[in-house]
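Overview (structure and organization)
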Amino acid sequence: METTPSISTDQVAALVELARQGSLRAAAEKLHITEQGVRNRLLALERRLGVPLYRKSRGMRRMTPLTPEGKRFLPHAIEFLHRAGELCELFDESGRPREVNVVASHYLIAYVLIDAVRQFHAAYPDIRVRLTSRTERDIEQVLLEDVHVSLGVAAPYAPSPELAYSHLFSMNWSVITPARHRLLRHEQVTLAQLAEHPLILYESGSTGRQHLVDAFLRRGIAPAVEMETTNTDLIVRMVEAGLGVSIVPLLPSGAVTRGRRVGVRPLSDEVRPIDSGILTRSGERLSTAAQTFVEFVQGSR
């Protein structure tokens, strides 16, 4: 009769912390043990699994110290620790809240997640959601490198194959101008009309910027990009100050431009909508708390 594998949470935690911190020394400091103690736990885990999990050489610095086998094992290790934690909390009546770390764009935090998290905390007071703002370009990288982060909420242009995407909603594009701008005489505005004015766009490499560049290129138009920025709030402030016009995705609620001295018109040309959704690491099952939050957000859309 086959016995249960003798893998301990200490051994698995050593691997997960090595992946998080990037070195044995940093992992040892985080676990409050010696560097040799971390090494011993990892070696014991390798012997039990029969594969090398991390690189022992001190050569050229790499993005991760894990071997291919270690990277393959990592999501299972994280899940193992999640399940162990849930088992320990099964009879915990202390009321200590569980945490879900979420990384998201400034736009989605400001206009979607703040209200969603407020409602979620009221419905599930034992789960605390912690939001961290990052640019669209950085969200995927943070999610891939920091296993403390449970999930991302973003508008990825081309999601990494290492991430799974779950769609939430789409937003079409609108033109915003300073108040009483001459473009507001039109019921709709074309990309050709916008090319005559200084444009304020999202930074290069962002999903929104790429969608707009693709649309201009399809029509053979070279826009006059005057300024770039990382978030929609700054774009609206720049437009309000008369520094140019812009094209931004707007929620139907009008929350982005409400109370601002700007004009809004639909964009008549077709530009690929901004698709926003939830990003998770492929093959990794979310903790119960994180899955509860995902289902809540999906149900509120």
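To keep things clear, this report deals only with the structure shown in the data block. (Residues numbered from 1 in each chain as written. Predicted model: local features only at pLDDT ≥ 70, side-chain atom pairs only at ≥ 80, totals over all residues. Heavy atoms only, no water.)

A few words now on the nonpolar core. Core analysis: the largest hydrophobic core is formed by 55 residues, its most contacted members being V153 and L194. Element by element, the count of residues in this core is highest for helix α5 (residues 106–123), at 8 residues. A14, Y54, L74 and A77 belong to the second-largest nonpolar core, a separate cluster that totals 20 residues. (Core = buried A, V, L, I, M, F, W, Y, C linked by side-chain atoms within 4.5 Å. Buried < 20%, exposed > 50% of the residue type's maximum accessible area, 1.4 Å probe, protein only. Helix = DSSP H or I, 4+ residues; strand = E, 2+ residues; numbered from the N terminus.)

Here we take up the sheet that holds strand β5 (residues 173–178). Taking strand neighbours across the sheet as the criterion, the 5 strands line up as β7-β6-β8-β5-β9 in an open arrangement whose pairing is mixed. The sheet terminates laterally at β7 (225–229) and β9 (262–266), the two strands that pair on one side only. The mean angle between the axes of side-by-side strands here comes to 30 degrees, regardless of whether they run parallel or antiparallel. Sheet topology note: the β5/β9 ladder contains 5 bridges and is antiparallel. Across the sheet, S174 pairs through a bridge with P266, a residue of β9. Strand contacts of helix α8 (residues 207–218): β5, β6 (199–202), β7 and β8 (245–249), with the helix running at about 130 degrees to β6, the strand carrying the most contacts. (Pairing = 2+ DSSP bridges. Axes fitted to C-alpha atoms, helices over the stretch in contact; angles between N-to-C directions. Contact = heavy atoms within 4.5 Å.)

Further remarks concern the pattern of salt bridges. Enumeration over the complete set of coordinates arrives at 10 salt bridges. The salt bridge partner of R130 is E99, with a shortest N-O separation of 3.0 Å. A residue pair is termed long-range when its members are at least 10 positions apart, and R130 in strand β2 (residues 127–133) and E99 in strand β1 (residues 98–104) qualify at 31 residues. Among the salt bridges present, the one from D269 reaches R219, with a minimum N-O distance of 3.2 Å. Within this pair, whereas D269 is found in the loop between β9 and β10 (274–281), its partner R219 is found in the loop between α8 and β7, the two being separated by 50 residues in sequence. Here the residues in one salt-bridge network are E240, R260 and R261, joined through shared partners. (Salt bridge = Lys/Arg side-chain N within 4 Å of Asp/Glu carboxyl O.)

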